[in-house]
Amino acid sequence: MISEKMSVMVKNSSVTRAMFEEGKRLAAIYGKENVYDFSLGNPSVAPPASVKEAVVDIITNEDTTFLHGYMNNSGYEDVREKIADKLNKVHQTSFHSENIIMTVGAAGGLNVILKTLLNPGEEVVVFAPFFGEYRNYADNYDGKLVVISPDKETFLPNLKELEEKLTSSAKAVIINTPNNPTGVVYSEETIKELSKVLEKKQQEFGTSIYLISDEPYRELVYGDVFVPYVTKYYRNTIVGYSYSKSLSLPGERIGYLVIPSEVDEYEEIFAAAGVATRILGFVNAPSMIQRVVASCLDSEVDVSVYNENRELLYNSLTEYGYSCAKPQGAFYLFVKTLEEDDKAFCERAKKYNILVVPGSAFGCPGYCRIAYCVGKSTIEGALPGFGKLYEEYREETAGR
């Protein structure tokens, strides 16, 4: 018998991953080119050439015992210093190596910091729609997830409801901007207002409320959209970052936490996060890819490819009659489904070999997420099916 907690988690396993597996099943039947899989946020843009060059150089020239050996649980000191220097240059911050912990992707980083912060029963607040794994991450450490309902006009944080729902048991608030699944970027004004609410509640309760900014999509923005660096607006901010999207390296599982010296109980938190990295079984972030990303801090993927996909998909779907907010960042469209039951809508889309993820997986029923980090041919092949699906629903409505 598996544990009761794991039994529940297995039953509620990721809908996104289930759709991804369904895509492989359908591809075996109809051919991969005839299945339009928009389920998984798996980057379709190749990593920058500098990544391959760095891999070759490091394997060739680094001492192998050093390269493949253990290091401080927080990561190589020189790698952490280079990342801190880069952040300081870009965001006018003042970090150093002792503010950076290398992590096994953003997911590993979130688990490390929640393991570090949470006592059983303490609350982790999220804004719907949210990345569904947050629920599991909080539950891993017996935290209680508190969901703030979505503002379906803007998909910005519902700060009025946040103020009403924050209690003295609140230990952390997680934000994700650019957002998965909506692509919305939280404005500077929104971050400032959020900070005011948290500051007010910290004073009221006499507690520390940590704002965890989950930022795997920070560099994936379109036009002149500005993504505020949250540590500059709220003192008790901890940042989780990943190179999965910014360098198209999702399988390499590499990222970092930023724990500023200004946060309450900084020394205890930084030390505990290092220990959490070890006892969660990571021990340390993968050694070679740490050194690779440190050599590629000025590299970036070609966001124009995602932008072309965004324009094609958004313009086509809205012309058909679908409703969705145009994303400012990331590589997802969050589309209002043509019936209230978003799971039924996604099931019907499979009739046209279109795989999308129901919004209920993100705490926001009545919508679906379409990941457009795919080849352009996938979008072009799927559009006729999206059109037929819309007409199917329209005819049903007209016949009532």
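Bear in mind the structure is a predicted one, so any value in this text is a computation, not a measurement.

Colleague: Run through the sheet that holds strand 4 (residues 144-148), naming residues and quoting values.
Modeller: An order of 2-8-7-6-5-3-4 is seen for the seven strands of this open sheet, with the pairing classed as mixed. Only two strands of the sheet have a single partner each, and these edge strands are strand 2 (100-103) and strand 4. Each adjacent strand pair in this sheet contributes to an overall mean axis angle of 20°, direction not counted. Of the strand pairs in this sheet, strand 5 (residues 170-176) and strand 6 (residues 210-214) are connected by five bridges, and their pairing is parallel. Looking across to strand 6, one finds that Ile174 is bridged to Ile212. The sheet strands contacting helix 5 (residues 77-91) are strand 2 and strand 8 (255-258), and the helix crosses strand 2 at an angle near 115°. Relative to the sheet, helix 9 (residues 188-205) contacts strand 3 (123-127), strand 5 and strand 6, its axis offset from that of strand 5 by approximately 175°.

Colleague: Requested: an account of the sheet that holds strand 11 (residues 357-358), with residues and values cited.
Modeller: Sheets are built from strands paired through backbone hydrogen bonds, the pairs being either parallel or antiparallel. Taken together, three strands build an open sheet; the order of strands is 9-12-11 and the sheet is antiparallel. Since the sheet does not close on itself, it has two edges, and those belong to strand 9 (332-336) and strand 11, each with one partner. When strand 11 meets strand 12 (residues 367-371), the two strands line up antiparallel, connected through two bridges. Residue Pro358 lies in a different strand from strand 12, and its bridge partner there is Cys368. Against the sheet, helix 12 (residues 303-320) makes contact with strand 9 and strand 12, and its axis sits at roughly 10° relative to strand 9, the strand it touches most.

Definitions and cut-offs
- Residues numbered from 1 in each chain as written.
- Predicted model: local features only at pLDDT ≥ 70, side-chain atom pairs only at ≥ 80, totals over all residues.
- Heavy atoms only, no water.
- Pairing = 2+ DSSP bridges.
- Helix = DSSP H or I, 4+ residues; strand = E, 2+ residues; numbered from the N terminus.
- Axes fitted to C-alpha atoms, helices over the stretch in contact; angles between N-to-C directions.
- Contact = heavy atoms within 4.5 Å.

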